[in-house]
Amino acid sequence: MFLDTMLIPGLSAAAAAAAQRAPFADLFSPHRSRASVARARQLAVYLHHVALGASVSACAKAFARDRATVRHACATIEDLRDDPLFDAGARRLETALAAQRDMICVLLLEGSAQ
C-alpha cells in the first residue's frame, strides 16, 4: 500500500526535533529561525524526503518552504553525513522512520481489510 507522505511530515519533524533538541512547532514555521531550528528543519526535510519517500514538492509544501530550499536542505544534510558521528545518527533516524512508515502501512492495510 502506498502511504501518502503529505499525511506524515510530523514523523520526520518529531524525529529531527528530538535529535536536534529543537521545538517541534518551530520546524513548521514559515518564518526564518535561529540556526539550531533551521538545522533541525533541514534534517526533518531530508528525512521526509529520503526515509519517507516524499517528493521535493511534497516536502516544500509540508514545511512551508520552496523547492530550492528543500534541495538546499537535502544537500546540506548530505554534506554533514561526511562526519561519521552525524552519519550514524542520521542512519538510525532513517531506519526508525522507515520502520514507523512500514508499521503505519500495515495498520492501514489491516484497517481497510476489515
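Heads up: these notes are all about the structure in this document. (Residues numbered from 1 in each chain as written. Predicted model: local features only at pLDDT ≥ 70, side-chain atom pairs only at ≥ 80, totals over all residues. Heavy atoms only, no water.)

A few words now on the packing of helix α1 (residues 9-20) against helix α2 (residues 35-50). Relative to each other, α1 and α2 sit at 140 degrees, their axes nearing to 8 Å. By the criterion of interaxial angle, the relationship of α1 to α2 is oblique. Judged by the sense of rotation from one axis to the other, the crossing of α1 with α2 is right-handed. Residue-level inspection shows Pro9, Ser12, Ala13, Ala15, Ala16 and Gln20 of α1 in contact with α2, the latter providing Arg39, Ala40, Leu43, Ala44, Leu47 and His48. (Axes fitted to C-alpha atoms, helices over the stretch in contact; angles between N-to-C directions. Helix = DSSP H or I, 4+ residues; strand = E, 2+ residues; numbered from the N terminus. Parallel < 35°, antiparallel > 145°, perpendicular 65-115°, else oblique. Left-handed = near helix turned anticlockwise from the far one by under 90°. Contact = heavy atoms within 4.5 Å.)

Let us look at the packing of aromatic side chains. Considering all chains together, one arrives at 2 aromatic pairs under this definition. Each ring, one from Phe28 and one from Phe63, has its centre 5.0 Å from the other, and the planes form 5 degrees; the classification is stacked. Within this pair, whereas Phe28 is found in the loop between α1 and α2, its partner Phe63 is found in the loop between α3 (56-62) and α4 (67-80), the two being separated by 35 residues in sequence. According to the relative accessible area criterion, Phe63 is buried, its value standing at 0%. Feature note: the residues Phe24, Phe28 and Phe63 constitute an aromatic cluster, connected by ring pairs. (Phe/Tyr/Trp six-rings, centres within 6.5 Å; stacked < 30°, edge-to-face > 60°. Buried < 20%, exposed > 50% of the residue type's maximum accessible area, 1.4 Å probe, protein only.)

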